[in-house]
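Residue-level structure breakdown
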Amino acid sequence: MSYLNSTQPAKQRGLSLLAASITATVIGVGVMAAVIAFTPVPASDSVNAEPSVEYGRLLVRETAAMMGPGHADPAMRFSGSSMDCASCHLDTGTEPGTLSLLQTDSAYPRFSGRDGGIRDLRDRINGCMTRSMNGKELPRDSIEMVSIEMYIKNLNQQYALMGESKTTPAEPAQFNEPNRRADIDAGEVVFRERCQVCHGDDGQGLLQTTNPADGYLFPPLWGPDSFNNGAGMTRLLTAARFIKARMPLGQPDLTDDEAYDVAAFMNSHERPQRENLELDYPDLTNKPIDSPYPPYADEFPVDQHRYGPFEPIRDYYRNL
Ligand code: HEC
Ligand code: HEC
């Protein structure tokens, strides 16, 4: 089971870092009084007295431990899932390519079709908090929010200093969408052969320990602890792009057809439901064609928005 070797060291590094940061905090208790004048307020009695890049990194990498539903302090249970941000933003967002966070900071503030207005990085982080993590919004000025923002800004600064060999994504050729309806049954065959070994025969992943605060060794692809139905990963083309680029982890070698079908199989399952999704995209012509929930500014059936073929929908909007 060589994948265990490739996954565990990262987690162990995470844990020892966590231990290191707790030790540092204990040592730092004496100086805590001195930093009482910080502006951001803790979301609760968190061990961190002031925001830092390092705390932001921990929040993104060890989200379940730092603010998941298994957190000992109920006030710190912001995420509704025991997944980590890094379950999708691989290597804590430091890996160039699909869902990398290296260049994110320079893209904000920007217009969000989903929200119908200009949104900044904190709004975007809360977008993933409430959808991908099925959780609550972090208060905008909390130590947690400010730290995640500092971490993402710091990645951008690092990116500027990286050589070309480091910024070139080591990914397979970009996903090319097949012009057909996705085949859920064919997707199940791919899942059984290529995904089940890690994500489990029921797609529910594998927790590190019986304590959900320890997070997942392999995150769930659907079900009650997965991303909710308003998350970007529920869009077939977004999921297929990610899966072709990144999965199976360490050996991303699926064809376009396999990635398309297995993404459809994954997203054909039940997951947490988010309320008020009909309020997304106040201007429906901004809605992505693969958004899986209605309403739409066109007459194509929901099924076609969920599973394709997408080319006819794209044509319709092209000719508007
Ligand atoms: C289930 C997978 C998943 C998880 C878990 C997840 N995200 Fe995301 N994230 C996405 C997807 C998909 C996008 C959208 C990419 C796109 O627009 O095509 C995204 C986008 C983002 C962006 C904007 C990136 C950019 O360059 O515009 C930020 C910032 C972000 N996520 C932060 C977070 C944080 C912080 C967490 C944890 C609290 C998190 N995400 C958890 C899937 C995920
Ligand atoms: C070798 C083990 C392994 C295999 C095989 C594998 N994955 Fe993953 N997958 C992971 C791990 C681990 C993560 C979380 C990322 C991390 O921790 O670096 C992940 C994350 C994901 C995510 C985002 C997080 C979530 O749970 O939604 C999706 C989607 C996903 N995998 C889909 C697939 C699909 C589809 C396949 C089969 C084509 C597959 N994976 C095969 C290990 C694996």
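For the structure itself, look to the data block above.
Residues numbered from 1 in each chain as written. Chains lettered and ligands numbered in written order. Predicted model: local features only at pLDDT ≥ 70, side-chain atom pairs only at ≥ 80, totals over all residues.

1. Quick notes on the site of ligand 1
To be explicit about the condition: In this text, near has one meaning. A residue is near a molecule or strand if its C-beta atom, placed using the backbone, is within 6 Å of it. Secondary structure follows DSSP: runs of H or I at least 4 residues long count as helices, runs of E at least 2 residues long count as strands, and numbering of each begins at the N terminus. The nonpolar class holds Ala, Val, Leu, Ile, Met, Phe, Trp, Tyr, Cys and Pro. Asp, Glu, Lys and Arg form the charged class, and all remaining residues, Gly among them, are polar. Per the annotation, domain bounds derive from an automatic or database assignment of domains.
Taken together, 24 residues surround ligand 1, and among them Cys85, Cys88, Cys128, Ser132 and Gly232 come closest. Counting only elements with at least two residues in the shell around ligand 1, the list comes to α4 (121-130) and α5 (143-161). It is α4 that provides the largest number of residues to the shell around ligand 1, a total of 4 residues. When grouped by side-chain class, the residues that make up the shell around ligand 1 number 16 nonpolar, 7 polar and 1 charged. Counting the residues that make up the shell around ligand 1, at least three belong to each of domain 1 (2-167) and domain 2 (172-320).

2. Quick notes on unusual backbone geometry
Between Met247 and Pro248 the backbone carries a cis peptide bond, its omega angle lying at -10°. As for its position among the elements, Pro248 is in the loop between α9 (236-246) and α10 (256-267). Look at the link from Pro294 to Pro295: it is a cis peptide, with omega at 0°. Note on placement: Pro295 falls in the loop between α10 and α11 (302-307). Non-glycine residue Asp91 carries a positive phi angle of around 45°. Here Asp91 is to be found in the loop between α3 (63-67) and β1 (110-112). At Asn134, a position not held by glycine, the phi torsion is positive, near 50°.

3. Observations regarding the environment of Ala173
For Ala173, the position within the fold is in the loop between α6 (164-167) and α7 (184-194). Sequence-wise, Ala173 and Ala245 are 72 residues apart; in three dimensions their C-alpha atoms are separated by 7.8 Å.

4. A closer look at the packing of helix α2 (residues 53-61) against α5
Filter applied, for reference: In this description, a line fitted to the C-alpha atoms serves as the axis of each element, helices being fitted only across the stretch in contact, and the angle between N-to-C directions of two axes falls anywhere from 0 to 180 degrees. An angle counts as roughly parallel when it lies under 35 degrees, as roughly antiparallel when it exceeds 145, as roughly perpendicular when it falls between 65 and 115, and as oblique in every other case. By the criterion used throughout, residues are in contact when their C-beta atoms, derived from the backbone, lie within 7 Å.
Packing of α2 against α5 leaves a shortest axis separation of 7 Å and a crossing angle of 95°. By the angle between their axes, α2 is roughly perpendicular relative to α5. On α5, the residues that touch Val53, Tyr55, Gly56, Arg57, Leu59 and Val60 of α2 are Glu144, Ser147, Ile148, Met150, Tyr151 and Asn154.

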